[in-house]
Amino acid sequence: MSGSLLSFTRLRAQFVKEILSILRDPRSRMVVFVPPILQLLVFAFAATLEVRNVDIAVYNQDAGRWSHELVQRMDSARFITHVRPVDSQRQLHELIDRGQVIAALAIPADFSRTIAAGGSGRAQVLVDGRRSNSGQITVAYLSTIAAEVGAAVVPGTQTPNPVVVRHWFNPNLVYRWFIVPGLTGILALFSALLITSLSIARERELGTFDQLLVSPTSTPEIIISKSLPALAIGTLLGLFMISAGVFLFGIPFTGSFGLLLASLVLFILSVVGIGLMISAVSATQQQAILGAFAIGVPAVLMSGFATPVENMPVALQWLAQAIPLTHFLVIVEGTFLKTMPALDILANLWPLAVIALVTLTLATLLVRSRLQ
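Because the structure is predicted, anything quoted here is derived from the model rather than measured.

1. Quick look at the overall build of the protein chain
Within the protein chain one finds 15 helices and four strands. Intrachain contacts of the protein chain at a sequence separation of at least 6 include 79% that bridge at least 24 residues. In the form shown here, the protein chain has an accessible surface area of approximately 19,500 Å², with 64% of it arising from carbon and sulfur atoms.

2. Some thoughts on the pairing of strand 3 (residues 103–107)
Among the five residues that make up strand 3, five are buried, leaving the element largely enclosed by the rest of the structure. Across the two faces of strand 3 the burial is the same, with Ala103, Leu105 and Ile107 and Ala104 and Ala106 all buried. Across five bridges, the pairing between strand 1 (residues 54–60) and strand 3 is parallel. Across the sheet, Asn60 pairs through a bridge with Ile107, a residue of strand 3. By the bridge criterion, four bridges tie strand 3 to strand 4 (residues 124–127) in an arrangement that is antiparallel. Looking at strand 4, one finds that Ala104 is bridged to Leu126.

3. Comments concerning the environment of Phe305
Secondary-structure assignment places Phe305 in the loop between helix 12 (285–302) and helix 13 (314–320). Under the relative-accessibility criterion, Phe305 is labelled buried at 14%. Sequence-wise, Phe305 and Leu329 are 24 residues apart; in three dimensions their C-alpha atoms are separated by 7.3 Å. Those residues in contact with Phe305 that sit more than four places away from it in its chain are Phe178, Ile179, Gly182, Leu183, Ile186, Val300 and Leu329.

4. Structural notes on the nonpolar core
Leu40, Val180, Ile233, Phe267, Ile268 and Leu325 are the most contacted members of the largest nonpolar core, which has 61 residues in total. For this core, the secondary structure elements donating two or more residues are helix 1 (2–24), helix 3 (34–46), helix 8 (175–206), helix 10 (219–248), helix 11 (257–281), helix 12, helix 14 (324–337) and helix 15 (342–371). The biggest single contributor to this core is helix 8, with 14 residues. Sequence-distant contacts of Phe267, that is, excluding residues within four places in its chain, are made with Gly185, Ala188, Leu189, Pro324, Leu325, Phe328 and Leu352.

5. Concerning the pattern of salt bridges
Counting across every chain of the model gives five salt bridges. Residue Glu69 is joined to Arg73 by a salt bridge in which the shortest nitrogen-to-oxygen separation is 2.9 Å. Remark: Arg73 and Glu69 occur in helix 4 (residues 65–75); sequence separation between them is four residues, near one turn of the helix. Owing to a relative accessible area of 25%, Glu69 belongs among the partly exposed residues under this scheme. With relative accessibility at 26%, the residue Arg73 sits in the partly exposed group. Note that Arg98 and Glu94 form a salt bridge whose closest N and O atoms lie 3.9 Å from each other. Using a relative accessible area of 30% as the deciding quantity, one classes Glu94 as partly exposed. A single salt-bridge network, built from bridges that share partners, covers Glu69, Arg73 and Glu148.

6. With respect to a nonpolar patch on the surface
A surface patch of nonpolar side chains, about 520 Å² in accessible area, is lined by Ile37, Leu41, Val42, Phe43, Phe240 and Leu248. Of all the secondary-structure elements, those providing two or more residues to the nonpolar patch are helix 3 and helix 10. With four residues, the top contributor of residues to the nonpolar patch is helix 3. A residue is classified by how much of its surface remains accessible, and Leu248, at 56% relative accessible area, is exposed.

7. With respect to the UniProt feature "transmembrane region" (unreviewed entry) in the protein chain
UniProt annotation of "transmembrane region" (unreviewed entry) refers to residues 30–49, 174–195, 228–251, 257–281, 288–306 and 349–367 when read in the numbering used here. Here residues 174–195 is 95% helix and 0% strand, with 33 Å between the C-alpha atoms at its ends. Along residues 288–306 one finds 79% helix and 0% strand; the C-alpha atoms at either end are 26 Å apart.

8. Observations concerning the packing of aromatic side chains
As enumerated under the stated definition, the model contains four aromatic pairs in all. For the pair Phe267 and Phe328, a centre-to-centre distance of 4.6 Å together with 5 degrees between the ring planes defines the contact as stacked. Placement of the pair is Phe267 in helix 11 and Phe328 in helix 14, with a sequence separation of 61 residues. Classification of Phe267 by relative accessible area gives buried; the value is 0%. A residue is classified by how much of its surface remains accessible, and Phe328, at 0% relative accessible area, is buried. It is Arg65 that lies over the ring of Trp66; its NZ or CZ is 4.0 Å from the centre.

9. Some points on the packing of helix 8 against helix 11
Put simply, helix 8 and helix 11 touch, their axes get as near as 7 Å, and they point 35 degrees apart. Here helix 8 runs over helix 11; the crossing is right-handed. Residues Gly185, Ala188, Leu189, Ala192, Leu193, Thr196, Ser197, Leu198, Ser199, Ile200, Ala201 and Arg204 of helix 8 pack against Phe267, Ile268, Val271, Val272, Ile274, Gly275, Leu276, Ile278, Ser279 and Ala280 of helix 11. Along the lines of polarity and charge, the residues of the contact of helix 8 with helix 11 split into 15 nonpolar, six polar and one charged.

Reading the values: rules and limits
Residues numbered from 1 in each chain as written. Predicted model: local features only at pLDDT ≥ 70, side-chain atom pairs only at ≥ 80, totals over all residues. Heavy atoms only, no water. Helix = DSSP H or I, 4+ residues; strand = E, 2+ residues; numbered from the N terminus. Contact = heavy atoms within 4.5 Å. Areas by Shrake-Rupley, 256 points an atom, 1.4 Å probe, with all protein chains shown as cover. Buried < 20%, exposed > 50% of the residue type's maximum accessible area, 1.4 Å probe, protein only. Pairing = 2+ DSSP bridges. Core = buried A, V, L, I, M, F, W, Y, C linked by side-chain atoms within 4.5 Å. Salt bridge = Lys/Arg side-chain N within 4 Å of Asp/Glu carboxyl O. Patch = residues over 30% accessible without salt bridge, like charges linked within 9 Å, V, L, I, M, F, W, Y side chains within 5 Å. UniProt positions renumbered as here; feature names shortened; annotations may be inferred. Phe/Tyr/Trp six-rings, centres within 6.5 Å; stacked < 30°, edge-to-face > 60°. Lys NZ or Arg CZ within 6 Å of the ring centre and 35° of its normal. Axes fitted to C-alpha atoms, helices over the stretch in contact; angles between N-to-C directions. Left-handed = near helix turned anticlockwise from the far one by under 90°. Nonpolar A, V, L, I, M, F, W, Y, C, P; charged D, E, K, R; others polar.

Structure, rendered in structure tokens:
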């Protein structure tokens, strides 16, 4: 009983020390608290795959009605900021080469005459391949405008629309409804990863690690004391960002808050184990920060946040299943918008539990080897 009490007393002292070291160190406060909040506010508006405010170059060699109609419709399109007329094919190419326009339209001299004769007018679209995704979306928008002009050629006809699309869970395709829940997982990942990565590295850099070695504190107590602050702060930041999504950005929350909270705690625990391993092998805080980003950035790219995991090679798909963020993104995005069933959440919870168990076990072994 006495040993257990002393163990709890040491653990509480270590926990308080870790919290104070994070809150008192200006560099730690700056790294842990400021970036997630700023990034949530900035990325929610900046990180989007929608195409807006683009410039289109037009080389119109036709003086007829239908080329004028096509250009007028482009000029009134909401996604186009400016339609830039050019006088030669060379100027058109130069605007694309310099990145001043995302696409260019070359209308031949017989465009309106061909349409008046009952034929199909043809125009050339050149797209900046350096911005392939935005270019493809722009071409789809331009194709819609061209179809509307084609329907206006024969009065009384309408633009063909054989398929009526109904978007479940996000009927207006508001991109922030998708991006903000994903940002919650990403920013919580980096926050927990940085806190734990800096913990042991900070002790070494400040020279207090040797005092820790000669103290009666056991290795499990060190692991727990280094893990609890990251778990607490990471969970609070995650809850703050979830609240911001609901109350600040107006994203509907339709799922179970209890299951989401349990998922968030398991997610943070799995990340804590990774951060402790990084901290154990880092001699300085700078190395720890670089190590955290070296692990965190590939994890985000492979998690399915920007591109589906199913589009990756099979080997990378298997590797993505070992990334905690992959499973948490499924849970948080499904909980926000589609009232994800409990069984589906549990199907992604048990991999998080396995990852947390493995990473914390490996972190304990690695820290113990560094302490000896």
